[in-house]
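Letter by letter, the chains look like this.
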Amino acid sequence: MSVVYSRRLKKELQEIQIEQADPTKRAAGIQLLQADDLKIWFFSIEVLGESLYKNEVFHLMVRFDPEYPFKSPAVQFVVSDKVKPPVHPHVYTNGHICASILGDDWSPTLSVMAICITIQSMLASCKKKELPEGNDDYVRTAPDNPKKTRFVYHDDTV
Amino acid sequence: MWKNDPKELLNSTDIQDPTDFPPSSTTPGLRALDNALRCKICQELYEAPVVLTCGHCFCSLCARNQLSEKPACPTCWKEAAISSFRVNPAMEEAVTAWKDARPFVLRVIDEAIDLRTTASESSRPAKRHKPDTPVLSNSVSPRKQSRGHDNPGPSRGRDGPDGNTPNDDVEQDTCSNTNNSKSSVECPVCGKSVPMTKINAHLDTNCKHYSILSGGKNASSSKSGQKDAWSKLLDGKRSGKDKERPEAEVEAMSPLPKASYTVLKDKQIRDLLAAQDLSTAGDRSQLISRHERWVALYNANLDRSPALRKRLAELRLEMRRWEEDRRASRKDPLKIDITEYRRANKAEFERLVQRARGKPGQESPRAPDSSASLSDRAASCDLRGPVGASGSETDTILVTSDVEG
């Protein structure tokens, strides 16, 4: 399994790098910041065009385990002095994201890029900047790894 | 397997993917073709391709791994089960041929692009080339791809006219047009080379006579392919008669049954592993995952066509590599140190203890939500807002035991 893991991630990385070198193919607003190994990658995400998040740049942290791609990677927004997570009804202030694609709806036919694009469109289609319900309670008790949280996916609109 | 070395990551040359080919404006269809012959899970060219009931195709091992996570097709989420796999020999054949052709095609493209750039530099550098001009036609013709498996059937030529039995005469009539001299075939029973004309007589004498000692003229690869094909055809019809075939080859014919580990005791699982010559070390979960992995590897191998199957020794090697990878990845950085976690959340635990002791009747308004989300997801689907349940079930259990202790 882990042979699949390393080979597939290297393929994805290679593809991302080829895409980023070619402006016609690059997914606009998504950029690979760092991929030193096959355990943790960082992306920057911004929503181009008209949206509530105009001129805001967010950083996404993607962590893999050797079960990838059979298990989804752990994805969350980076929270630091420099970058803050977006204010969004599905994004907690600790950076955790409630999106079915990161949990039950993950499929090994998806890719890291597919996740980034999904999250970008999740931001783009947001109609009201607000924190998720129960944010404070969740953030106080949340595990370090968002994959340990059992989210309930209820909202198909955003 | 991969150390944290960015250079090694970037300089990897053994990774092949569809982007090895130029975009479709330069070489129409090649990128798409390479992509079409790849499993959507591992992104490699199909290994032992199988088709699910929905029609989507995956490597057998990939599909087995995925279905143990979730019994549905990862592309369309239609229900799927290992028992309803259909092998896809047509895809396998296409992939085998493409594996042969791929490096050749890539080389030809490189040469053609080189030619084109030198030509355009010398003649009319200003004018743009039409991007969709087929650039390959000139360079393809001089080389012909030679492939061993194009014609896997036994050669139909024949020996001199010295056949004696009546069967021989019949055969002589049917293939007298294709008169390659000295043609031989592989005996399906003993595997020795026998003159085409003598094969029936050879079989009639229980493989005692007429074999050619020096061996046939077939290439060794197609020979073993033939042998496998024969042995698959004839397996089951001849019980116990063939002393000459190695044991492993015979036993490799039937898939291993899945075990229902929940009703098995540790010892029984160890017995299962021992029966497959596998290690019986480790705790129960290790034993189970080892056996599961072996069954998946073994049965996936049977989804290849017989000529392409790996030997048991190769499977064991893969198994050993998998165990090593697992051992290495057990020190997973994603795992939390429990004592660290306890210390970091001490205040929170104390708060919970206080609350639990102080007002047993009162519960916070959020409590029903989180318990529902843990126990019954379906029922809680209509809840407002994503429920921030405090950690997974294991975490919650951990918290509870802390409160009590």
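Keep in mind that this is a model prediction, so the values were computed, not measured.

**Quick notes on the overall build of chain A**
Counting its regular elements, chain A contains three helices and four strands. The helix and strand sequence of chain A, counted from the amino end, reads α-β-β-β-β-α-α. Counting every position in chain A, which comprises 158 residues, the buried fraction comes to 54%. Approximately 6,600 Å² of chain A is accessible, and the part contributed by carbon and sulfur atoms is 51%.

**Description of the state of the cysteines**
In this structure the tally under the stated criterion is zero disulfides over all chains. Cysteine C59 of chain B is unpaired, with the sulfur of C42 of chain B as its nearest cysteine sulfur at 3.8 Å.

**Here we look at unusual backbone geometry**
Apart from glycine, the bulk of residues carry a negative phi angle, and the bulk of peptide bonds sit in the trans form. In this model, Y68 of chain A is joined to P69 of chain A through a cis peptide bond whose omega is 5 degrees. In this fold, P69 of chain A is placed in the loop between β3 (58-63) and β4 (74-77). Positive phi, close to 65 degrees, is recorded for W77 of chain B, a residue that is not glycine. In this fold, W77 of chain B is placed in the loop between α3 (60-69) and β3 (86-87). The residue D277 of chain B is not glycine, and still its phi comes out positive at about 60 degrees. Looking at the secondary structure, you find D277 of chain B in the loop between α10 (266-275) and α11 (284-302).

**Considering the pattern of salt bridges**
Taken as a whole and judged by the stated rule, the model has 24 salt bridges over all chains. Between D144 of chain A and R63 of chain A there is a salt bridge; the shortest N-O distance is 3.6 Å. Within this pair, whereas D144 of chain A is found in the segment after α3 (135-141), its partner R63 of chain A is found in strand β3, the two being separated by 81 residues in sequence. Classification of R63 of chain A by relative accessible area gives buried; the value is 11%. Ionic pairing is found between R351 of chain B and E348 of chain B, a salt bridge with its closest N-O pair at 2.9 Å. Highlighted residues: R351 of chain B and E348 of chain B, both in helix α14 (residues 346-358), separated by three residues, approximately one helical turn. When salt bridges with common partners are traced through the structure, they connect D137 and R140 of chain A together with E348 and R351 of chain B into a single cluster.

**What to know about the packing of aromatic side chains**
A complete count under the given rule lists 11 aromatic pairs over all chains for this structure. Taken together, a centroid distance of 5.9 Å and an interplanar angle of 35 degrees make the contact between Y68 of chain A and W106 of chain A tilted. Of this pair, Y68 of chain A sits in the loop between β3 and β4 while W106 of chain A sits in the loop between β4 and α2 (112-124), and the two are 38 residues apart along the sequence. Judged on exposure class, the residue Y68 of chain A and its partner W106 of chain A are both buried. The positively charged end of K70 of chain B is found above the aromatic ring belonging to W77 of chain B, 4.0 Å away from the centroid.

**Side note on the UniProt feature "domain: SAP" (unreviewed entry) in chain B**
Sites flagged by UniProt as "domain: SAP" (unreviewed entry) map to residues 261-295 of chain B. Annotation note: span residues 261-295 of chain B, helix share 63%, strand share 0%, distance between end C-alpha atoms 13 Å.

**Concerning the sheet that holds β4 of chain A**
All names here are of chain A. Sheet architecture is open: four strands sit in the order β1-β2-β3-β4, paired in antiparallel fashion. Unpaired on one side and paired on the other, β1 (30-34) and β4 mark the two borders of the sheet. Adjacent strand axes in the sheet meet at a mean angle of 25 degrees when their direction is disregarded. Two elements, β1 and strand β2 (residues 40-45), share four bridges in a ladder whose sense is antiparallel. Its bridge partner being in β2, Q31 is matched across the sheet by S44. Of the strands in this sheet, β1, β2, β3 and β4 are in contact with α2, which crosses β2 at around 35 degrees.

**As for the packing of α10 of chain B against α11 of chain B**
All names here are of chain B. Relative orientation of the contacting elements α10 and α11 amounts to 35 degrees, with a least axis distance of 10 Å. Classified by chirality, the crossing of α11 by α10 is left-handed. Contacts from D266, I269, R270, L272 and L273 in α10 reach R284, L287, I288, R290 and H291 in α11. Across the contact of α10 with α11, the residue classes tally to five nonpolar, one polar and four charged.

**Focus on the nonpolar core**
Judged by nonpolar contacts, the single largest core of 35 residues is most densely connected at W41, F43, L60 and I97 of chain A. Residue assignment for this core shows that the elements contributing at least two residues are α1 (2-21), β1, β2, β3, β4 and α2 of chain A. No other element matches the seven residues that α2 of chain A contributes to this core. What W41 of chain A contacts, discounting residues up to four positions off in sequence, is L9, E12, L13, I16, L32, Q34, A35, L60, M61, V62, F64 and V112 of chain A. The next biggest cluster of nonpolar side chains, apart from the first, holds 31 residues, and it includes F21, W98, V105 and V108 of chain B.

**Description of the side chain of T27 of chain B**
Residue and element names in this part refer to chain B. When you line up the elements, T27 lands in the loop between α1 (6-10) and α2 (30-36). Using a relative accessible area of 2% as the deciding quantity, one classes T27 as buried. Side-chain polar atoms of T27 contact the backbone oxygen of P22, separated by 3.2 Å.

**A short note on the environment of L52 of chain B**
Residue and element names in this part refer to chain B. Mapped onto the elements, L52 comes out in the loop between β1 (49-51) and β2 (57-59). Of the residues examined, L52 reaches a relative accessible area of 5% and is grouped as buried. Considering only alpha carbons, one finds L52 and C73, 21 residues apart in sequence, at a separation of 7.3 Å. L52 has contacts with F58, C73, P74, A80 and F85, leaving out every residue within four places of it along the chain.

**Some points on the sheet that holds β2 of chain B**
Residues and elements named next belong to chain B. Pairing is antiparallel in the open sheet, where three strands are placed in the order β2-β1-β3. Looking at strand neighbours, the two that pair on one side only are β2 and β3, the edges of this open sheet. Across the sheet, α3 touches β1 and β2, and the angle it forms with β2 is around 95 degrees.

Calculation notes
Residues numbered from 1 in each chain as written. Chains lettered and ligands numbered in written order. Predicted model: local features only at pLDDT ≥ 70, side-chain atom pairs only at ≥ 80, totals over all residues. Heavy atoms only, no water. Helix = DSSP H or I, 4+ residues; strand = E, 2+ residues; numbered from the N terminus. Buried < 20%, exposed > 50% of the residue type's maximum accessible area, 1.4 Å probe, protein only. Areas by Shrake-Rupley, 256 points an atom, 1.4 Å probe, with all protein chains shown as cover. Disulfide = S-S within 2.5 Å. Salt bridge = Lys/Arg side-chain N within 4 Å of Asp/Glu carboxyl O. Phe/Tyr/Trp six-rings, centres within 6.5 Å; stacked < 30°, edge-to-face > 60°. Lys NZ or Arg CZ within 6 Å of the ring centre and 35° of its normal. UniProt positions renumbered as here; feature names shortened; annotations may be inferred. Pairing = 2+ DSSP bridges. Axes fitted to C-alpha atoms, helices over the stretch in contact; angles between N-to-C directions. Contact = heavy atoms within 4.5 Å. Left-handed = near helix turned anticlockwise from the far one by under 90°. Nonpolar A, V, L, I, M, F, W, Y, C, P; charged D, E, K, R; others polar. Core = buried A, V, L, I, M, F, W, Y, C linked by side-chain atoms within 4.5 Å. Polar contact = N/O pair within 3.5 Å; in protein donor to acceptor, adjacent residues only side chain to side chain.

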